[in-house]
Amino acid sequence: MKLCLFILCSVVSINLKAQKSVSIDQHTSKYILSYGEIEFLEDPPGHFNISDVSAPAFNKRFKPSKVFVPKNDNEKSTYWFRIKVSNQHIDDEARVIEFYDQSIDSIAFYEPIGNHQYKQIMGGSKYLFKDRLYKHKNFTIKLNRNFIGDHVYYFSIKSEQPANVMMALKPISSFIEYGLKEYLLFGIFYGMILIFSFYNLMMFFAVRQVQYLYYILYNISIAMFEMSSNGIAYQYLWPNAPEWNEIAFGVALFFATSASLLFTREFLQVKSRVPLLNKLMIAVISLRVLFFLYCLLVDEHFFNYKYIEILPLLVCYYAGWHIWRKGYPYARFFVAGYSFLLLGVTVRILQTVLSVNLPFGPANFYILSFCFIIEMLFLSFAIGDKVRVMKKKKDNAQQQMIQQMKISQELKDNINKDLEKKVFERTKEVLHKSDIIEKQNEELLQQNELLNAQAEEIKRMNALLAEDNQTLQTNIEVVTQARVLSKNVNFEEFSKTYPDDIACFKFLSELKWNDGYQCDKCGGTHYYKGRVAYSRRCSTCNYQESVIMNTIFQNTKIPINKAFYMVFLVYTTKGEISSYKLSEMLSLRQGTCWTFSDKIKKIIKEKKKELKSAGEMGWSKLVIEKKAQKTTSF
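Please read these numbers as outputs of a predicted model, since none were measured by experiment.

Parameters and conventions
- Residues numbered from 1 in each chain as written.
- Predicted model: local features only at pLDDT ≥ 70, side-chain atom pairs only at ≥ 80, totals over all residues.
- Heavy atoms only, no water.
- Axes fitted to C-alpha atoms, helices over the stretch in contact; angles between N-to-C directions.
- Helix = DSSP H or I, 4+ residues; strand = E, 2+ residues; numbered from the N terminus.
- Parallel < 35°, antiparallel > 145°, perpendicular 65-115°, else oblique.
- Left-handed = near helix turned anticlockwise from the far one by under 90°.
- Contact = heavy atoms within 4.5 Å.
- Nonpolar A, V, L, I, M, F, W, Y, C, P; charged D, E, K, R; others polar.
- Expected span 1.5 Å × (residues − 1).
- Buried < 20%, exposed > 50% of the residue type's maximum accessible area, 1.4 Å probe, protein only.
- Phe/Tyr/Trp six-rings, centres within 6.5 Å; stacked < 30°, edge-to-face > 60°.
- Lys NZ or Arg CZ within 6 Å of the ring centre and 35° of its normal.
- Polar contact = N/O pair within 3.5 Å; in protein donor to acceptor, adjacent residues only side chain to side chain.
- pLDDT = per-residue confidence, 0-100.
- Core = buried A, V, L, I, M, F, W, Y, C linked by side-chain atoms within 4.5 Å.
- Pairing = 2+ DSSP bridges.
- Salt bridge = Lys/Arg side-chain N within 4 Å of Asp/Glu carboxyl O.
- Patch = residues over 30% accessible without salt bridge, like charges linked within 9 Å, V, L, I, M, F, W, Y side chains within 5 Å.
- Areas by Shrake-Rupley, 256 points an atom, 1.4 Å probe, with all protein chains shown as cover.
- Lys, Arg positive; Asp, Glu negative; His and termini not counted.
- Charge placed at Lys NZ, Arg CZ, Asp CG, Glu CD.
- Disulfide = S-S within 2.5 Å.

Visitor: Just to check I follow, could you spell out the packing of helix H16 (residues 560–572) against helix H18 (residues 590–606) for this structure?
Guide: Two quantities define a packed helix pair, namely the angle between the helix axes and the distance between the axes. Interhelical geometry of H16 versus H18 gives an angle of 55° and a closest axis separation of 10 Å. Here H16 is positioned oblique relative to H18, judged by the angle of their axes. Our pair here, H16 against H18, has a crossing hand that is right-handed. Of the residues in H18, those in contact with Ala-563, Met-566, Val-567, Val-570 and Tyr-571 of H16 are Cys-593, Phe-596, Ser-597, Ile-600, Lys-601 and Ile-604. Across the contact of H16 with H18, the residue classes tally to nine nonpolar, one polar and one charged.

Here's what the structure looks like:
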């Protein structure tokens, strides 16, 4: 019996010796475990417990890690790990084991307490944050500092997403020092993202371009993705929501990818410059939305396939490269920024998907965050460069416009000089001919006194003809106005009676002050001419009243003759003409026609009794309002 026990102990001793031991002393600071220092055992059904794996029969089943950082290659299996720590001195301060991967769902750590007994410590992202011993983003276990000799620690890991078993053995002081430095870097990182976001928010308010909102959404989504990935969000934003913490990174990554594609389309103007590429980007966005909905509503496990984001990234990168090749210089900063981001994503994919054996360290652990910052810097340069290019184009256009105005002014001056010269010569010629005619008339009068009576008769007849002409002209105006007041007159014919603002103002002046002028402010009846045509200024209080004040045309931005015509059309059709017909006839916006015609219809309704027997001139009664009103601008 003693011989069997001796042989069994010898086997156990030999097997334990095969594992590389981590030796620590009072001078050992942070120690990162790697390769053969970590042995693992895969448990596909997940049925093993600490009694099973710590038994001598399981010693040969543990295998040393062949990579720097072990991973759970099969996400459906439970993985058991063990490490051997040798200590020959009692430490002055406690030591901790810190796990750097915050995405591990469940960690069961077993610390030996003697006589083949183990103390179980549970942790991981599926447990409430408040239950952790140390309120730190990384799962940290405090070890008993009073042990002497060799101790074997076991821990099991179960995670539905790829997990890296990165851990370090360090004193409390080193843990605190490292944590402070790390949180300082996080503060700088997220502070820079906030600065970038605030800067682009100011740019949006300045130029009102939607691309800046997409970029802000991208920055915030990247910040949320990083916070979800490194455990900061679980520590500070949702410590009591482990279920949400499991998918938060996927939701943030979806918004980051979508915002990146939308920003690229707007910033590079892909729709107008490369229509085919624009269709491809829309298709990628649509597929990404469908994949997100499937992950959210059907199987949240698919959120773990983060490497599919390489497709939208490559599309954005190709868009920038293609636009740059077409001769748009500001795209070079865009390409440079996405080159760094592509580098960071590639390294992360190599670490996660292809299990490339990269040594653990800040360079590769924080490379994606570093690439995000570099990308944001270059994108800010790209935005600034685009603004500079647009400003330069605007300045050039203004210079060309000024130069064209100068040329136009010179042409106008030359034409005016030519016209003045021709008018002067023509006037001189007319005056000369007038003198000749006058002399000939005098000679005729002197030579033939008998014709004096005939001349007087001719003058009398000329006077009668002039009177008849005046009467005829008046009749023509009456007929024209009657024609204008017919329902079939078009705007061209209507404009012959009211061709411009002066003719309209004259009509309004006669209509408004037909019964005499009276100041609206003081009641005075004496006035001077105002600064504007047909306006009047009170000689008592100096109050100036324009001809359209207190009329239906007050404050309207519609050309006055078109407004006249619209009043006429609405009146003659009894309000049955549509705003679409008015828009077509007057070449105005339908909304403007509808608003003004609606106002006319309301006045017709108010003056229904007054207009009942007004006849064809009834439309003019709609013009004058009883008192000044605030009207809507059209």
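Visitor: I keep staring at helix H4 (residues 211–230) and nothing clicks. Help me out?
Guide: At 3.6 residues per turn, the α-helix brings residues three or four places apart onto the same side. Between the first and last C-alpha of H4 there are 29 Å, a value that for 20 residues agrees with the 28 Å anticipated at 1.5 Å per step. Of all 20 residues making up H4, 14 are buried, and the element is well covered by its neighbours. Once H4 ends, the next one or two residues include Gly-231, with phi positive near 90°.

Visitor: Sorry, what's going on with the packing of aromatic side chains here?
Guide: How two aromatic rings sit relative to each other is set out by the distance from centre to centre and by the angle between their planes. The final tally for this structure, using the stated rule, is 39 aromatic pairs. Members of the aromatic cluster, joined through ring pairs, are Phe-40, Tyr-79, Phe-81, Phe-99, Phe-109, Phe-139, Tyr-153 and Phe-155. Over the ring of Phe-204 we find Arg-208; its NZ or CZ atom is 5.7 Å from the centre of that ring. It is Arg-273 that lies over the ring of Tyr-328; its NZ or CZ is 3.5 Å from the centre.

Visitor: Help me understand the environment of Glu-182, please; the structure alone is not making it clear to me.
Guide: Examined against the element boundaries, Glu-182 turns out to sit in helix H3 (residues 172–207). With a relative accessible area of 3%, Glu-182 lands in the buried category. Filtering out sequence-adjacent residues up to four positions away, Glu-182 remains in contact with His-136, Lys-137, Asn-138 and Tyr-366. Here Lys-137 takes part through its side chain, which lies 3.0 Å from a polar atom of the side chain of Glu-182.

Visitor: Looking at this model, I keep getting lost on the confidence of the model for the protein. Mind explaining?
Guide: Low pLDDT means the predicted atomic positions in that stretch should not be read closely. Per-residue confidence for the protein gives a mean pLDDT of 80; residues scoring 70 or more make up 84%. Considering each helix and strand of the protein separately, the mean pLDDT is smallest for helix H1 (residues 2–18), with a value of 38, and largest for helix H8 (residues 275–297), with 92.

Visitor: Even after reading the chapter, I still don't get the nonpolar core, so can you show me in this structure?
Guide: The nonpolar side chains of a soluble globular protein tend to be buried with one another. Judged by nonpolar contacts, the single largest core of 69 residues is most densely connected at Tyr-218, Phe-267, Leu-268, Phe-334, Leu-341 and Phe-372. When residues in this core are grouped by element, the largest group, 12 residues, is from helix H6 (residues 242–267). Apart from residues lying up to four places away in sequence, Tyr-218 is in contact with Ala-256, Ala-259, Ser-260, Leu-341, Phe-372 and Glu-375. Tyr-498, Leu-508, Leu-569 and Ile-603 belong to the second largest nonpolar core, which has 36 residues in total.

Visitor: Where do I start with the sheet that holds strand S13 (residues 536–538) in this structure?
Guide: Adjacent strands of a sheet pair through backbone hydrogen bonds, lying either parallel or antiparallel. Spatially, three strands are ordered S12-S13-S14 in an open sheet, and the strand pairing comes out antiparallel. Two strands in the sheet have a free side with no partner beyond their single neighbour: strand S12 (527–529) and strand S14 (544–545). Bridge count between S12 and S13: three bridges; the pairing is antiparallel. By the bridge assignment, Tyr-527 is partnered in S13 with Cys-538.

Visitor: What should I look at first to understand the pattern of salt bridges in this one?
Guide: As a working rule, side chains carrying opposite charge can pair if their charged atoms are close by. Within this structure, the stated rule accounts for nine salt bridges. A salt bridge links Lys-433 to Glu-429, with the nearest nitrogen and oxygen atoms 3.3 Å apart. Here Glu-429 and Lys-433 lie together in helix H12 (residues 367–447), a separation of four residues that amounts to about one turn. Connected via shared salt-bridge partners are Arg-426, Glu-429 and Lys-433.

Visitor: What's the story with a negative patch on the surface in this structure? I'm lost.
Guide: Together, Asp-435, Glu-438, Glu-442 and Glu-443 line one region of the surface with negative charge. Assignment of secondary structure puts Asp-435 in helix H12. For Asp-435, a relative accessible area of 42% puts it in the partly exposed group.

Visitor: Which parts of the structure should I look at to understand the side chain of Glu-375?
Guide: When you line up the elements, Glu-375 lands in helix H12. At 2.8 Å, the side chain of Glu-375 and the side chain of Tyr-218 are in polar contact. For Glu-375, the contacting residues outside a window of four places in its chain are Tyr-218, Gly-337, Tyr-338 and Leu-341.

Visitor: What is the right way to look at the state of the cysteines in this model?
Guide: Defined simply, a disulfide is a covalent bond joining two cysteines at their sulfur atoms. The final tally for this structure, using the stated rule, is zero disulfides. No disulfide involves Cys-519; its sulfur sits 3.7 Å from the nearest other cysteine sulfur, which is in Cys-541. Note on Cys-519: relative accessible area 4%, which makes it buried.

Visitor: Quick question: what am I supposed to make of the pairing of strand S10 (residues 149–158) here?
Guide: S10 sits mainly inside the fold: seven of its 10 residues count as buried. Bridging between strand S5 (residues 78–87) and S10 involves nine bridges; their strand directions are antiparallel. Bridging from a neighbouring strand, Arg-82 pairs with Tyr-154 of S10. Across five bridges, strand S7 (residues 106–114) lies against S10 in antiparallel orientation. Following the sheet pairing, Ile-107 is matched in S10 by Ile-157.

Visitor: What's the story with the sheet that holds strand S6 (residues 95–99) in this structure? I'm lost.
Guide: As summarised here, the arrangement of the four strands in space is S2-S11-S6-S9, forming an open sheet in which the pairing is antiparallel. One side of each edge strand has no neighbouring strand; the edge strands of this open sheet are strand S2 (31–32) and strand S9 (139–142). Packed onto the sheet, H3 meets S6, S9 and strand S11 (167–171) and runs at close to 115° relative to S11.

Visitor: Got a minute to help me understand unusual backbone geometry in this structure?
Guide: Phi is mostly negative for residues that are not glycine, and the peptide bonds are mostly trans. Not every positive phi belongs to a glycine, and Tyr-35 is a case in point at roughly 45°. Phi at Asn-542 is positive, roughly 65°, even though this residue is not glycine. If you trace the backbone, Asn-542 turns up in the loop between S13 and S14.

Visitor: Hey, could you run me through the environment of Arg-61 in this one?
Guide: Here Arg-61 shows up in the loop between helix H2 (50–53) and strand S4 (63–64). Residue classification places Arg-61 among the partly exposed positions, given a relative accessible area of 40%. Expressed as a C-alpha distance, the spacing of Arg-61 and Glu-42, which sit 19 residues apart in the sequence, is 9.0 Å. Once residues within four sequence positions are removed from consideration, Arg-61 is found in contact with Phe-40, Leu-41 and Phe-48.

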